[in-house]
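# Observations on the model geometry
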Amino acid sequence: MTDAPITDAWIRRLNLLQLVVAGIIVLTPTLWMVLSSLKPSFEVTAYPPTLIFAPTLENYAQLTKTTPFLSYAINSLIVTIGSTALGLLFGIPAAFAVSWTRISWPAILTLAARMAPGTLFLLPWYVMFRQVGMIGSYTALILSHAVITLPIVIWVLLPSFDGIPRSVFEAAQVDGCSVTRILWRIALPLVASGVAVASILAFVFSWNYFLFALVLSNGDSKTLIAAAFNFIGEGSTQWGALMAAATLIALPPLILAALVQRWLVSGLTLGAVKG
Amino acid sequence: MSKAAATFAEDRQRLELAALSAPAVIFTVAMIAFPVVYTVWLGLHSFSSTGKQSFVGLANYSRLLADAEFWHGLWVTIALYVLSLVLQLVLGVWLALVLFHAKRLPGIVRSLFISPFMMPPVVAGMMWLVILDPSLGAANYILQSLGLPPSEWLASPVWVIPTVALIDTWQWTPYVALIVLGGLQSLPPSVYEAAQIDGASAFKTFQRITLPLLLPTIVTATILRSVDLLRFFDIIYITTQGGPGNASNTLNIYGFRVGFEFFNIGYASALMLTLTAIVFGAVLAFNRLRGAVAW
């Protein structure tokens, strides 16, 4: 890329300054959350707020002692991994077929499902799952979260499959390979990095999703996100534990996102921007 | 290969391809299409407390037109939508330009800027709840040390909408910026060179050249944000649950509460279908606009 017209050194410095300001605004609230989670309970509500304190893990200890935090976390993992796997299982062949045939309505159908407000399906799901006694089951949660993961997998993988030269497939067909065999043996290994990005994005958005678990989970199957609501009711005395919970809930998606940050944007815009 | 064998192979291939997309299609129809049809049916019925249903035609929809809470919810939804969208687009384009001129973005900087929108909105709500606490929060402390009056933030019926918009803007502006950055990076440099030769000022170059060329990307960002903003839920449910009073009761929150707190399933269905129509209407409108500004 050649230089834009603005090249003066001081303008560059001004730009750097703006970058630093933006970075501080982005970082500070998250940093405050982590700091608050490490404060002794009498200091977390101190006013004026303190910046220098003796860090402690007592909030984290309290969280695991007074709430079933670990079992919520396990619930979240089961639902998230289950729905990501289901999204991949259904999404990989669908993306391949759409890319091959250029018949795009299956992909658009899943995307339209993603655009509708979740509350729209939640009412009938609630009625239906209750009738078959599945409220609070992992199955109901995994199925509902797969509605989130499926379009992510399909739309992230579509450009990857499109990027494979057609001649690769034609050569395989001449050798007598069936379409299904071409997908699993030839195409899939070629889009491995796309599958990795799709899996991580599906994981993150399934992990983060609030609404479905709010209604479809119960005491035993509550996910972390749905349980977050319970941590809040405690009032300001519990701020330390609240921020410890928030920090722990945010950690898995943040770590995963940092791993694939370079490829994330084109995946997140569902191929609308080729990053 | 004979002609018959060739068509057989083609049929077989077509069948295989259909079988490959079948699981995704069947799953989506079962989980979405069927429930949506069911919602339409529910919206035409009324349910008594004993679970007896009766067909009421469009009564749920005429009730909606006469429901002050619906109109209030629509107003809250639109106010929150417009405010958040404008803030995120303006700040997002600014941030994209800053990132663009920074040239090299180390991975750690990129990770920093994606961190807000990769964390659950619920977590964003939790942390801002603490920061914006009217009596003990850090935000009011900063205001006071700058000699400014403190705010009630989420506890104020007047300020709750701007405050929620601010939280969402903190979370999603970097997302808009990264989309716009992608657009900036795909612009042909020759355009700038021509402008430079013509002696155009930096501002003029932006206004006359960069911005018009960026419009399709900005409309894309608008569509992606509109879908989320019009069905605003998570942050409000975690922080205010539609309050104080009903000051932040968006249509999505209102519909949810009618359905799952008051168990008025018929009316909730009518509300949710109306909101869905609004979301898809906006997406289709912006999609046409994107076609109009494409180059």
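Residues numbered from 1 in each chain as written. Chains lettered and ligands numbered in written order. Predicted model: local features only at pLDDT ≥ 70, side-chain atom pairs only at ≥ 80, totals over all residues.

## Things to note about the overall build of chain A
Check the secondary structure of chain A and you find 14 helices and zero strands. Expressed along its principal axes, the backbone C-alpha trace of chain A runs to roughly 75 × 70 × 30 Å. Counting only contacts in chain A whose residues sit at least 6 apart along the sequence, the fraction spanning at least 24 positions is 79%. (Helix = DSSP H or I, 4+ residues; strand = E, 2+ residues; numbered from the N terminus. Contact = placed C-beta atoms within 7 Å.)

## Examining the UniProt feature "transmembrane region" (unreviewed entry) in chain A
Residues and elements named next belong to chain A. In the numbering used here, UniProt assigns the "transmembrane region" (unreviewed entry) feature to residues 16–35, 72–96, 108–129, 135–158, 186–210 and 239–260. Structurally, residues 72–96 is divided into 100% helix and 0% strand, and its ends, taken at the C-alpha atoms, are 36 Å apart. Helix makes up 86% of residues 108–129 and strand 0%, with an end-to-end C-alpha separation of 26 Å. (UniProt positions renumbered as here; feature names shortened; annotations may be inferred.)

## A look at the confidence of the model for chain A
Averaged over every residue, the pLDDT of chain A is 87; residues scoring 70 or more account for 93%. The secondary structure element of chain A with the lowest average pLDDT is helix H14 (residues 261–268) of chain A, at 74, and the one with the highest is helix H4 (residues 69–101) of chain A, at 95. (pLDDT = per-residue confidence, 0-100.)

## Some points on the interface of chain B and chain A
Many authors give the size of an interface as the accessible area that is lost as the parts come together. Taken together, the 78 residues of chain B in the interface contact 80 residues of chain A. Counting residues per element, the side of chain B that touches chain A draws most heavily on helix H1 (residues 3–43) of chain B, which supplies 17 residues.

## Details of the packing of helix H13 (residues 239–259) of chain A against helix H4 (residues 107–118) of chain B
At a closest axis distance of 9 Å, the pairing of H13 of chain A and H4 of chain B adopts a crossing angle of 140 degrees. With respect to H4 of chain B, the axis of H13 of chain A lies oblique. The two elements H13 of chain A and H4 of chain B cross, and the hand of that crossing is right-handed. Two secondary-structure elements touch here, H13 of chain A through Pro253, Leu254, Ala257 and Ala258 of chain A and H4 of chain B through Ser111, Ile114, Ser115 and Met118 of chain B. Grouping the amino acids of the contact of H13 of chain A with H4 of chain B by side-chain chemistry returns six nonpolar, two polar and no charged. (Axes fitted to C-alpha atoms, helices over the stretch in contact; angles between N-to-C directions. Parallel < 35°, antiparallel > 145°, perpendicular 65-115°, else oblique. Left-handed = near helix turned anticlockwise from the far one by under 90°. Nonpolar A, V, L, I, M, F, W, Y, C, P; charged D, E, K, R; others polar.)

## Digging into the domain arrangement of chain B
Residue and element names in this part refer to chain B. What the domain assignment lists for chain B is domain 1 (3–43) and domain 2 (67–293). Distance from the C-alpha centre of domain 1 to the C-alpha centre of domain 2: 36 Å. Partitioned by chemical class, the residues of the side of domain 1 that touches domain 2 number two nonpolar, two polar and no charged. (Domains from an automatic or database assignment.)

## What about the domain arrangement of chain A?
Residues and elements named next belong to chain A. For chain A, the assigned domains are domain 1 (9–59) and domain 2 (66–268). When each unit is reduced to the centre of its C-alpha atoms, the spacing between domain 1 and domain 2 is 32 Å. Counting residues at the interface gives nine residues for domain 1 and eight residues for domain 2. Mapped by element, the contributors of at least two residues to the side of domain 1 that touches domain 2 are helix H1 (9–37) and helix H2 (41–44). Looking at the side of domain 1 that touches domain 2 element by element, the count peaks at four residues for H1. Looking at the side of domain 1 that touches domain 2 residue by residue, the class counts come to three nonpolar, five polar and one charged.

## What to know about the UniProt feature "transmembrane region" (unreviewed entry) in chain B
Residues and elements named next belong to chain B. UniProt records the feature "transmembrane region" (unreviewed entry) for residues 20–41, 74–100, 112–131 and 265–286 in the present numbering. Its end C-alpha atoms 37 Å apart, residues 74–100 is made of 100% helix and 0% strand. In the segment residues 265–286, helix accounts for 100% and strand for 0%; the C-alpha atoms at its two ends are 32 Å apart.

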